[in-house]
Amino acid sequence: ATMQEQKVGALIVFERSTPLGEIISSGTEVDAAVSEELVGNIFYPKSPLHDGGMIIKLGEVIFEKVCRFMGGPDYPKLDLEYVEINLSVVQCEYEGLSNRFIEIMKEHNIPGNMINLEITESATMTSKNRLIRNIADLKNFGVGFSLDDFGTGQSNLNYIVEMPVDIVKFDRGMINAYFESHKAKYVMDAAMHMIQGLKLDIVSEGIETEEQLSIMKNLGIQYIQGFYFSKPLPEDECLEFLKKRNN
């Protein structure tokens, strides 16, 4: 069978994103390890999966699985502000994305403000108007949006100006450079000042130490994400982790 004919499964893993001023309440990011069900091969972001329509179907499967989890009996006990789900630009450009995602949220009784969609830039944006329409429709339903990996690839100032996002995420590499390079520190300080001036929230990825946490807090960063709190966890381990933290 061809790759397009094979069924696709996704192992959902969660990574904690925590408000600096409020450690118990948090957001959780969803990532997926994608595999061909029959042979178990793993596809990474630059795989042929991103070159065809299968990524659209996979994204729908992941979104539905997360909404089903959020609609279950365990989710209300976790005291999460929202769950963040990664999207590729290929998905955002799909004409039916917003309608389908809204249908899934309604089916599982998930309010839009409990979902935050993270725009990744693994694909070239060829239909900006369609992308913006999808974002606008979902934002009207209450869904929030993040711009991922700011400071790398195509994640540039134009995206912040043009895309109606609520959160900007600083890439781990940029955070590491902040602590190692005077030039990088100067650039990041300027970027943070600009983003905060636009009234957008910031997530710092890759935080691993108490020192890094303290510096980010002093800079006025709203959220942190990284191994300081936990490595990415499968669903059952994430549930247990959050229950322990909340108790």
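Report on the accompanying structure. Since the structure is predicted, the reported quantities are computational estimates derived from the model, not experimental observations.

1. Comments concerning the overall build of the chain
- Counting its secondary structure elements, the chain contains 9 helices and 10 strands.
- Across the 247 residues that make up the chain, the buried fraction comes to 49%.
- Relative to all contacts within the chain whose residues are 6 or more apart in sequence, the contacts with residues 24 or more apart total 68%.
- When the accessible surface of the chain is totalled, it reaches about 12300 Å², and 52% of it is carbon and sulfur.

2. Some words on the packing of helix 1 (residues 54-70) against helix 3 (residues 97-107)
- Remark: helix 1 packs on helix 3, axes separated minimally by 9 Å, with the N-to-C direction vectors making an angle of 20°. Put simply, helix 1 runs roughly parallel to helix 3. You can see that helix 1 and helix 3 cross each other, and the crossing is right-handed. Taking contact as the criterion, the partners of Gly59, Glu60, Phe63, Glu64 and Cys67 in helix 1 are, on helix 3, Arg100, Phe101, Ile104 and Met105.
- Classifying every residue of the contact of helix 1 with helix 3 by side-chain character gives 5 nonpolar, 1 polar and 3 charged.

3. Considering unusual backbone geometry
- The backbone of Asn109 shows a phi angle near 55°, a positive value even though the residue is not glycine.
- With respect to the helices and strands, Asn109 occurs in the loop between helix 3 and strand 5 (115-120).
- Taking the relative accessible area as the measure of exposure, Asn109 reaches 67% and is therefore exposed.
- The backbone phi angle of Lys199 is positive, close to 65°, even though this residue is not glycine.
- Note on placement: Lys199 falls in the loop between helix 7 (182-197) and strand 8 (201-204).

4. Topic: the packing of aromatic side chains
- Within the structure shown, the criterion is met by 3 aromatic pairs.
- With a centroid separation of 5.5 Å and an interplanar angle of 85°, the aromatic rings of Tyr178 and Phe179 are classed as edge-to-face.
- Residue Tyr178 is classed as buried on the basis of its relative accessible area, which comes to 7%.
- A residue is classified by how much of its surface remains accessible, and Phe179, at 29% relative accessible area, is partly exposed.

5. Looking at the pattern of salt bridges
- Considering all chains together, one arrives at 12 salt bridges under this definition.
- A salt bridge links Arg130 to Glu95; its shortest N-O distance comes to 3.1 Å. Of the two residues, Arg130 is situated in helix 4 (residues 128-140) and Glu95 in the loop between helix 2 (89-92) and helix 3; the sequence distance between them amounts to 35 residues.
- Taking the shortest distance from any N to any O, the salt bridge between Arg172 and Glu208 comes out at 2.6 Å. In this pair, Arg172 sits in helix 6 (residues 172-180) while Glu208 sits in the loop between strand 8 and helix 8 (210-218), placing the two residues 36 residues apart along the sequence.
- Classification of Glu208 as partly exposed rests on a relative accessible area of 36%.
- Because the salt bridges share partners, they merge into one network encompassing Lys57, Glu60, Arg100 and Glu103.

6. Some points on the environment of Tyr75
- With respect to the element layout, Tyr75 can be found in the loop between helix 1 and strand 4 (80-88).
- Not counting residues within four places of it along the chain, the set of residues in contact with Tyr75 comprises Phe69, Met70, Leu80, Tyr82, Val83 and Met114.

7. As for the environment of Lys77
- By the element assignment, Lys77 lies in the loop between helix 1 and strand 4.
- Here the alpha-carbon distance between Lys77 and Lys243, two residues 166 residues apart in the chain, equals 7.5 Å.

8. So, a negative patch on the surface
- Together, Glu235, Asp236, Glu237 and Glu240 line one region of the surface with negative charge.
- When you line up the elements, Asp236 lands in helix 9 (residues 235-246).

9. A word on helix 8
- Buried residues of helix 8: Gln212, Leu213 and Met216, and no others. In a view along the axis of helix 8, the buried residues occupy a sector of 100°, so they form one face of it. Among the exposed residues of helix 8, those pointing more than 90 degrees away from its buried face are Glu211, Lys217 and Asn218.
- Residues of helix 8 that are buried make contact with helix 6, helix 7, strand 8 and strand 9 (223-225).
- Note on helix 8: the residue one or two positions beyond its end, Gly220, has a positive phi of about 85°.

Analysis parameters
Sequence order sets the numbering: in each chain, residues are counted from 1 along the sequence as written. Reporting of local features is limited, given that this is a predicted model, to residues whose pLDDT is at least 70; pairs of side-chain atoms are given and counted only at 80 or more, and all residues count toward the totals for whole chains, interfaces and linings. Side-chain measures were taken over the full set of non-hydrogen atoms in the model, leaving aside hydrogen atoms and water. Strands here mean DSSP runs of E at least two residues long; helices mean DSSP runs of H or I at least four residues long; both are numbered from the N terminus. A simple rule labels every residue: compare its accessible area, found with a 1.4 Å probe on the protein chains alone, to the largest value its type can have, and call it buried under 20%, exposed over 50%, or partly exposed in between. Pairs of residues are marked as contacts when any of their non-hydrogen atoms sit within 4.5 Å. For every accessible area listed, the method is Shrake-Rupley and the probe measures 1.4 Å; residues are considered covered only by the protein chains on display. Only the contacting stretch of a helix is used when fitting its axis, a line to C-alpha atoms as for every element, and angles between N-to-C directions run 0 to 180 degrees. Working rule for angles: under 35 degrees goes down as roughly parallel, over 145 as roughly antiparallel, 65 to 115 as roughly perpendicular, anything else as oblique. Handedness of a crossing follows from how the near helix is turned relative to the far one, being left-handed for an anticlockwise turn of less than a right angle and right-handed for a clockwise one. Throughout this entry, Asp, Glu, Lys and Arg are counted as charged residues, while Ala, Val, Leu, Ile, Met, Phe, Trp, Tyr, Cys and Pro are counted as nonpolar. The remaining residues, Gly among them, count as polar. In this analysis, rings of Phe, Tyr and Trp, with Trp reduced to its six-membered ring, are considered paired at centre separations within 6.5 Å, and the interplanar angle assigns stacked below 30 degrees, edge-to-face beyond 60, and tilted for intermediate values. What makes a salt bridge here is a side-chain nitrogen of Lys or Arg within 4 Å of a carboxyl oxygen of Asp or Glu, nothing more. What makes a patch is a set of residues exposed beyond 30% relative accessible area and free of salt bridges, joined within 9 Å when like-charged and within 5 Å when nonpolar (Val, Leu, Ile, Met, Phe, Trp, Tyr). For the purpose of charge, His is not counted, nor are the chain termini; Lys and Arg are scored as positive and Asp and Glu as negative. By convention, the point assigned to a charge is CZ for Arg, NZ for Lys, CD for Glu and CG for Asp. The directions considered for the arc run from the helix axis to the C-beta atoms.

Keep in mind that these numbers describe shape and distance, not what the molecule does.
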